[in-house]
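Listed below, chain by chain, are the residues.
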Amino acid sequence: KLRAEGVKAGVSDLFLPVARRGFHGLFIEMKAENGKTTPLQEAFLLDIDEQGYMTAVCYSANDAILILENYLGVSSR
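A quick note: this is a predicted structure, and the numbers were derived from the prediction, not measured.

Cut-offs and rules
- Residues numbered from 1 in each chain as written.
- Predicted model: local features only at pLDDT ≥ 70, side-chain atom pairs only at ≥ 80, totals over all residues.
- Heavy atoms only, no water.
- Helix = DSSP H or I, 4+ residues; strand = E, 2+ residues; numbered from the N terminus.
- Buried < 20%, exposed > 50% of the residue type's maximum accessible area, 1.4 Å probe, protein only.
- Contact = heavy atoms within 4.5 Å.
- Areas by Shrake-Rupley, 256 points an atom, 1.4 Å probe, with all protein chains shown as cover.
- Phe/Tyr/Trp six-rings, centres within 6.5 Å; stacked < 30°, edge-to-face > 60°.
- Salt bridge = Lys/Arg side-chain N within 4 Å of Asp/Glu carboxyl O.
- Core = buried A, V, L, I, M, F, W, Y, C linked by side-chain atoms within 4.5 Å.
- Expected span 1.5 Å × (residues − 1).
- Arc of directions from axis to C-beta.

## Points about the overall build of the chain
A tally of regular secondary structure across the chain gives two helices and three strands. Ordered by position in the sequence, the α and β elements of the chain form the string β-β-α-β-α. Taken over 77 residues, the chain has a buried fraction of 25%. Here the analysis covers contacts within the chain between residues at least 6 apart in sequence; of these, 57% occur between residues at least 24 apart. Counting every atom, the chain has about 5400 Å² of accessible surface; 56% of that belongs to carbon and sulfur.

Now the structure itself:
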């Protein structure tokens, strides 16, 4: 079903196309609490990191919020 929607294996779940802090943008891979990245995901994150993007693997929505706030230099709290 995801492939039919255009999702490509290995590509991160979230992408923020906003340059900040010396990076071109931010890619976030979301995982369940005990989830693990696949080899395709690890390769994608490494490749995109080498291109000047910030990357993160988050295990909760709160983790992702903290990463986004830090990246953007804002705080919702």
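## Description of the packing of aromatic side chains
In total, this model carries five aromatic pairs according to the counting rule given. When the centroid spacing of 6.1 Å and the interplanar angle of 65° are considered together, the rings of phenylalanine 15 and tyrosine 53 count as edge-to-face. With phenylalanine 15 in strand β1 (residues 14–16) and tyrosine 53 in the loop between α1 (39–50) and β3 (54–58), this pair connects stretches of sequence that are 38 residues apart. Residue classification places phenylalanine 15 among the partly exposed residues on the basis of a relative accessible area of 41%. On the basis of relative accessible area, tyrosine 53 is assigned to the partly exposed category, the value being 21%.

## Brief notes about the pattern of salt bridges
What the rule picks out here adds up to one salt bridge. Residue lysine 31 is joined to glutamate 29 by a salt bridge in which the shortest nitrogen-to-oxygen separation is 3.7 Å. Side by side, lysine 31 and glutamate 29 carry an identical accessibility label, which is buried.

## Focus on the nonpolar core
Among the nonpolar cores identified, the biggest contains seven residues, and these are Leu26, Ile28, Met54, Ala56, Cys58, Ala64 and Tyr71. Listing elements by their share of this core, those giving two or more residues are β2 (26–30), β3 and α2 (61–72). Of all the elements, β3 adds the most residues to this core, at three residues. Ignoring anything within four residues of it in the chain, the contact list for methionine 54 reads Arg21, Phe23, Gly25, Leu26, Phe27, Ile67 and Tyr71.

## With respect to α2
Across its twelve residues, α2 extends 16 Å between first and last C-alpha, which sits within 8% of the 16 Å expected from 1.5 Å per residue. Along α2, the positions that sit buried rather than exposed are Ala64, Glu69 and Tyr71. Looking straight down α2, one finds its buried side chains confined to an arc of 165°; they lie on one side. Just downstream of α2 lies glycine 73, where phi reads positive at about 75°.

As far as function goes, none of this settles anything; it's purely spatial.
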